[in-house]
Amino acid sequence: IAAPMAGPGYSLVGGFSSLYALQTPGAPLISIRLTPTNTAMVYWPSPSAGFALLQNTNVTTTNWVTPPEPVTDDGTIKFIIVNPPLGNRFYRLRSP
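Presented here is a report on the structure given in the accompanying data block. Model, not experiment: these values are computed from the prediction. (Residues numbered from 1 in each chain as written. Predicted model: local features only at pLDDT ≥ 70, side-chain atom pairs only at ≥ 80, totals over all residues. Heavy atoms only, no water.)

In this section: the overall build of the protein chain. Scanning the protein chain from terminus to terminus reveals zero helices and nine strands. Counted from the first residue to the last, the protein chain has its helices and strands arranged as β-β-β-β-β-β-β-β-β. Among the 96 residues that make up the protein chain, the fraction classed as buried is 41%. For the protein chain, the share of sequence-separated contacts (at least 6 apart) that also reach a separation of at least 24 residues comes to 53%. (Helix = DSSP H or I, 4+ residues; strand = E, 2+ residues; numbered from the N terminus. Buried < 20%, exposed > 50% of the residue type's maximum accessible area, 1.4 Å probe, protein only. Contact = heavy atoms within 4.5 Å.)

One open sheet holds the four strands; their spatial order is β4-β5-β8-β7, and the pairing between them is antiparallel. Of all the strands in the sheet, just β4 (31-34) and β7 (72-73) have a single pairing partner and so form its edges. Of the pairings in the sheet, the one linking β4 to strand β5 (residues 40-45) comprises four bridges and is antiparallel in character. Looking at β5, one finds that I32 is bridged to V42. (Pairing = 2+ DSSP bridges.)

A full pass over the atoms with the stated rule returns one aromatic pair. The ring of Y43 has R33 sitting right over it, with the charged end atom 5.4 Å from the ring centre. Between the NZ or CZ atom of R92 and the centre of the ring of W64, over which it lies, the distance is 4.2 Å. (Phe/Tyr/Trp six-rings, centres within 6.5 Å; stacked < 30°, edge-to-face > 60°. Lys NZ or Arg CZ within 6 Å of the ring centre and 35° of its normal.)

Here we come to the nonpolar core. Counting 13 residues, the largest nonpolar core has I30, I32, V42, L53 and Y91 as the members making the most contacts within it. Of all elements in the fold, only β3 (18-21), β5, β8 (77-82) and β9 (88-94) reach the threshold of two or more residues within this core. (Core = buried A, V, L, I, M, F, W, Y, C linked by side-chain atoms within 4.5 Å.)

Time to look at the pattern of salt bridges. A complete count under the given rule lists one salt bridge for this structure. Between R89 and E69 there is a salt bridge, with its nearest N and O atoms 4.0 Å apart. In this pair, R89 sits in strand β9 while E69 sits in the loop between β6 (52-56) and β7, placing the two residues 20 residues apart along the sequence. Owing to a relative accessible area of 15%, R89 belongs among the buried residues under this scheme. (Salt bridge = Lys/Arg side-chain N within 4 Å of Asp/Glu carboxyl O.)

The structure is reproduced here in structure tokens:
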């Protein structure tokens, strides 16, 4: 995984594998950053009641699912820690 890049409404960690944070209109800002242990943290503000984190390996499909990693809430942010995947993985927050 390479160093993270960020811009308005997105954050990206690139390299041999890619993690993308997709901003859903009206949802809290979701971001991704590299951790010191070469994993990635997908995070968003806490509280963010009514929003669930979803992932997909192909953004052109409707196969959005709940990630298998547990969500941690430290009172300031909610986050999951992700090992670098093979291929792409997209994340979004969605209100059911």
